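Architecture at a glance
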Amino acid sequence: MDADAGISFSVSETIGAVDRAAWDSLAPPGANPFMSWGFLTALEASGCVGTGTGWAGQHVLARDPGGALIGALPLFRKAHSYGEYVFDHAWADALHRAGGRYYPKLQAAAPFSPVTGPRLLTKDPAIARGLIATAIGLAKQSRSSSVHVSFCTQAEQKLLVACGLMARAGVQFHWDNDGYRDFSAFLSALSAGKRKTIRRERERALEGGVTIRTLEGGNIDEAAWDHFFACYMDTGSRKWGQPYLNRRFFSILSDLMGERLVLFEAHSGGRPIAAALNIRGDDTLYGRYWGRLEDAPFLHFELCYYQAIDYAIGHQMKRVEAGAQGEHKLLRGYGPVSTYSAHWIAHPGLSRAVGDFLAQERPAIAEEIELLEQHTPFKKLEPET
């Protein structure tokens, strides 16, 4: 597809076919690790996305007249709705009941990663509009039911709405660093009861001689990955039956972007019993995967939330994003934030129905966030008199 000024748009089935430096100039790993060449290529090279997975690459690329990459949209043809965290199963069911076909659909996303970040990888709004227009044209050409852009930025959502997509909101819980000196300083910002609860939870997590160690970069060896993967498989199998990621993915990820990996391990009796993997951006620590081989009270909170806060404070990071859902995070200092997605649906009737639903859902989400903010554990300011 050709655009004005000689800009061309094309589709690539793999990120690996794109020059790494060119891709990462659009999605710097420090600012946007889940859109980086390393993360997406690790998914492809390990077989977690691609043939037979229901995630077929249809990545939209924009190039200038000289062939230089100036824009990209990581896009997948989906045969299902798993691994997205913006749920549209009811939409699929409605279209199927009406005699239509919802799959395949096109999904612009970081697979298996409910993390907000740019999806239209360009600084030029005109190129961004060209990327989404190409995606919609591809949907029509391939008879895909819809185009979805998940966990985009708020600014991107506004642009996507201007391009004819429908806006959707969601809720996550993030921790913000208010310049805390250390973990104790963070606790001092909480109400007395909440401080006591968190101290007790941390003490209970370490009962019986449990110790925590932090591994980063090259210190995460294959033995550590073996243990972590056993933990990951335990949690994944209990939660959704079949975990999305395989063992090979973590080794490849370690090779391609190991400097951005932070692993918290819990040990008891000289052996590892639980682990939580994080990916580090320039100013944000992203909590991703957790698991345990033995039950221990409050160990999940310690590894996934408190260790992450401790690490972020120690490295002067602005925030911790601890993944999707989980109102239990609220009482541990993680506040509610809005997430954004945008949706285009080809079927006129379903598009109208979804539009009506979203028009009711958005204010409900805003009201939910406002209510949740009233129940954070931080000290309440006294009203002025």
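Each remark here, short or long, concerns the structure printed above.
Here we summarise the structure given alongside this text. (Residues numbered from 1 in each chain as written. Predicted model: local features only at pLDDT ≥ 70, side-chain atom pairs only at ≥ 80, totals over all residues. Heavy atoms only, no water.)

Details of the sheet that holds strand β1 (residues 8-12)
Strand order in the open sheet made by the 3 strands is β1-β3-β4, with antiparallel pairing throughout. In this open sheet, the two strands that pair with only one neighbour each are β1 and β4 (69-73). Averaged over all neighbouring strand pairs, the angle between strand axes comes to 25°, with direction disregarded. Judged from the 5 bridges that link them, β1 and strand β3 (residues 59-63) form a sheet pairing that is antiparallel. What sits directly across from Ser 10, in β3, is Leu 61. Strands in contact with helix α4 (residues 125-142) are β1, β3 and β4; relative to β4, the strand with the most contacts, it is inclined by about 45°. (Pairing = 2+ DSSP bridges. Helix = DSSP H or I, 4+ residues; strand = E, 2+ residues; numbered from the N terminus. Axes fitted to C-alpha atoms, helices over the stretch in contact; angles between N-to-C directions. Contact = heavy atoms within 4.5 Å.)

Considering the pairing of strand β8 (residues 166-176)
Across a regular strand the side chains alternate sides, sitting on one face of the sheet and then on the other. Where burial is concerned, most of β8 is hidden: 10 out of the 11 residues are buried. With 9 bridges joining them, β8 and strand β14 (residues 335-345) adopt antiparallel strand pairing. Bridging from a neighbouring strand, Gly 170 pairs with Thr 339 of β14. Here β8 runs beside strand β13 (residues 319-324); their pairing, made up of 4 bridges, is antiparallel. (Buried < 20%, exposed > 50% of the residue type's maximum accessible area, 1.4 Å probe, protein only.)

A closer look at the sheet that holds strand β9 (residues 211-216)
Read from one edge to the other, the open sheet built from 11 strands follows the order β2-β5-β6-β7-β14-β8-β13-β12-β11-β10-β9, with strand pairing classed as mixed. Whereas interior strands pair on both sides, the edge strands pair on one side only; in this sheet they are β2 (55-57) and β9. Each neighbouring strand pair of the sheet contributes to a mean axis angle of 30°, computed without reference to strand direction.

Focus: the layout of surface pockets
If you add up the space inside the second largest pocket, you get close to 380 Å³. Around the second largest pocket, the lining is made up of 19 residues, and of these Pro 118, Leu 120, Leu 121, Thr 122 and Lys 123 lie nearest the centre. Elements represented by at least two residues in the lining of the second largest pocket include exactly α1 (20-26), α4 and α5 (154-162). Of the residues belonging to the lining of the second largest pocket, the class tally is 12 nonpolar, 4 polar and 3 charged. (1 Å grid on protein atoms, 1.4 Å probe; cavity = no way out; pocket = protein on both sides within 12 Å on 5 of 7 lines; lining within 4 Å. Points joined across faces, edges and corners; volume = space filled by probe spheres on them. Nonpolar A, V, L, I, M, F, W, Y, C, P; charged D, E, K, R; others polar.)

Details of empty space enclosed by the protein
With the rule as written, the count across this model stands at 1 cavity of 30 Å³ or more. Size it by volume and the largest cavity reaches roughly 40 Å³. Around the largest cavity sit Gly 83, Glu 84, Tyr 85, Ala 109, Ala 110, Phe 112, Ser 113, Pro 114, Arg 119, Ser 150 and Phe 151, which together line it. For the lining of the largest cavity, the residue count by class is 6 nonpolar, 3 polar and 2 charged.

Topic: the pattern of salt bridges
The final tally for this structure, using the stated rule, is 19 salt bridges. Salt-bridge contacts for Glu 84 lead to Lys 105; the nearest nitrogen and oxygen are separated by 2.9 Å. Of the two residues, Glu 84 is situated in the loop between β5 (75-78) and α3 (89-97) and Lys 105 in strand β6 (residues 105-108); the sequence distance between them amounts to 21 residues. The exposure class assigned to Glu 84 is buried, which follows from its relative accessible area of 4%. By relative accessible area, Lys 105 is classed as buried at 0%. The partner of Glu 302 in a salt bridge is Arg 202, and the shortest N-O contact between them spans 2.8 Å. In this pair, Glu 302 sits in helix α10 (residues 299-314) while Arg 202 sits in helix α7 (residues 192-205), placing the two residues 100 residues apart along the sequence. A relative accessible area of 2% means that Glu 302 is categorised as buried. Note on Arg 202: relative accessible area 16%, which makes it buried. One salt-bridge network, in which partners are shared between bridges, spans Lys 78, Glu 84, Asp 88 and Lys 105. (Salt bridge = Lys/Arg side-chain N within 4 Å of Asp/Glu carboxyl O.)

The quantities given are spatial measurements derived from coordinates; they are silent on function.
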